[in-house]
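# Structure at a glance
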Amino acid sequence: QNIIQYDDQDLELVKKEAASRVSYKGGWLLRYAEDSQTQVSVVEVGILGEMAYAFHYGIPRDRRVLPNGIGDGGVDLFLDGLKIDVKATDRDTGNLLLKKRPNGSDYLALAIIDKDKCTVRLTGMVSSVKFIETCKTQDFGHGETFFIEQGNLDQILPSQGRLF
């Protein structure tokens, strides 16, 4: 398994970035935040996932936030010409969820965050084409959601020869 450890210093950076993203986006995340999580903590989970994959591959993250609260355009990382959209959850059994079909990324990646252990598990990836062909739909309480279960993800792309 690919486990990335983070520390308090990393978490402070994540909290600052999450706070700035939420203030920039306004109320965009309100409809996605669950009762037990604030807007900022939802964004923190996502940023931790992005950071872990970027660290694994030794590449920078795309930190752009597009205007009008529309997020990042579905691309978090660029790896050898491939566009990757990272999704993260703090549920150990969580699945790769999307509110709409992928339209900007070549791959989707899932990260599982364990805040108690300060770890991120790089769970798996799937090509956007395979996601579209095999995803299921369900309403998890926020409208129709497209998803693939963890067990149906492919292994993450190797970090061939990358230094980190």
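Residue numbers here run from 1 along each chain, matching the order of that chain's written sequence. Reporting of local features is limited, given that this is a predicted model, to residues whose pLDDT is at least 70; pairs of side-chain atoms are given and counted only at 80 or more, and all residues count toward the totals for whole chains, interfaces and linings. Side-chain descriptors were evaluated using all non-hydrogen atoms of the structure, hydrogens and water having been removed beforehand.

## Considerations on the overall build of the chain
- Within the chain one finds three helices and eight strands.
- By definition, any uninterrupted DSSP run of H or I lasting at least four residues is a helix, any uninterrupted run of E lasting at least two residues is a strand, and each is numbered from the N terminus. What you see in the chain, going N to C, is helices and strands ordered as β-α-α-β-β-β-β-β-α-β-β.
- Expressed as a percentage of the 164 residues in the chain, the buried residues total 43%.
- Two residues qualify as a contact provided that any one of their heavy atoms is within 4.5 Å of a heavy atom in the partner residue. Put simply, of all contacts in the chain between residues at least 6 apart along the chain, 58% involve residues at least 24 apart.
- Exposure was quantified through the Shrake-Rupley algorithm and a 1.4 Å probe, taking into account, for residues, occlusion by the shown protein chains and nothing else. Only carbon and sulfur atoms are counted for the fraction: they give 50% of the accessible area of the chain, which is about 9,100 Å². Exposure classes here rest on a 1.4 Å probe applied to the protein chains alone. A residue is buried below 20% of its type maximum, exposed above 50%, and partly exposed in between.

## Topic: the confidence of the model for the chain
- Taken over all residues, the pLDDT of the chain has a mean of 82, while the share at 70 or more is 79%.
- Along the chain, pLDDT gives the predictor's confidence residue by residue, from 0 to 100. Here residues 26-37 is modelled with pLDDT under 50, and outside its nearest four sequence neighbours on either side it reaches 18 contacts, counting other chains as well.

## Thoughts on the pairing of strand β8 (residues 144-148)
- Taken across its five residues, β8 has four buried, putting it largely inside the fold.
- Strand pairing requires that DSSP identify at least two bridges connecting the strands. The pairing of strand β4 (residues 96-98) with β8 spans three bridges and is classified as antiparallel. Across the sheet, the residue bridging to L97 is F147, located in β8.
- Alignment of strand β7 (residues 136-139) against β8, held across four bridges, turns out to be antiparallel. Opposite K136, over in β8, you have F147 as the bridge partner.
- Counting the residues that bridge the hairpin from β7 to β8 gives four residues, and of these G141 lies at a positive phi of roughly 110°.

## Digging into the side chain of E17
- Turning to its location among the elements, E17 is positioned in helix α1 (residues 8-25).
- Of the residues examined, E17 reaches a relative accessible area of 13% and is grouped as buried.
- Those residues in contact with E17, other than ones at most four positions away along the chain, are I47, R61 and R63.

## With respect to unusual backbone geometry
- At D80, a residue that is not glycine, the phi angle is positive and equals roughly 50°.
- With respect to the secondary-structure elements, D80 resides in the loop between β2 (77-79) and β3 (82-89).
- A positive phi angle, near 55°, is found at C118, a position not held by glycine.
- Of note, C118 is situated in the loop between β5 (107-114) and β6 (119-127).

## Section: the pairing of β6
- Of all nine residues making up β6, seven are buried, and the element is well covered by its neighbours.
- Note: strand β1 (residues 2-5) against β6, four bridges, orientation antiparallel. Note that in β6 the partner of Q5 across the bridge is T119.
- As paired strands, β5 and β6 are joined by eight bridges and run antiparallel to one another. By the bridge assignment, L108 is partnered in β6 with V126.
- What sits between β5 and β6 in their antiparallel hairpin is a turn of four residues, with C118 showing a positive phi close to 55°.

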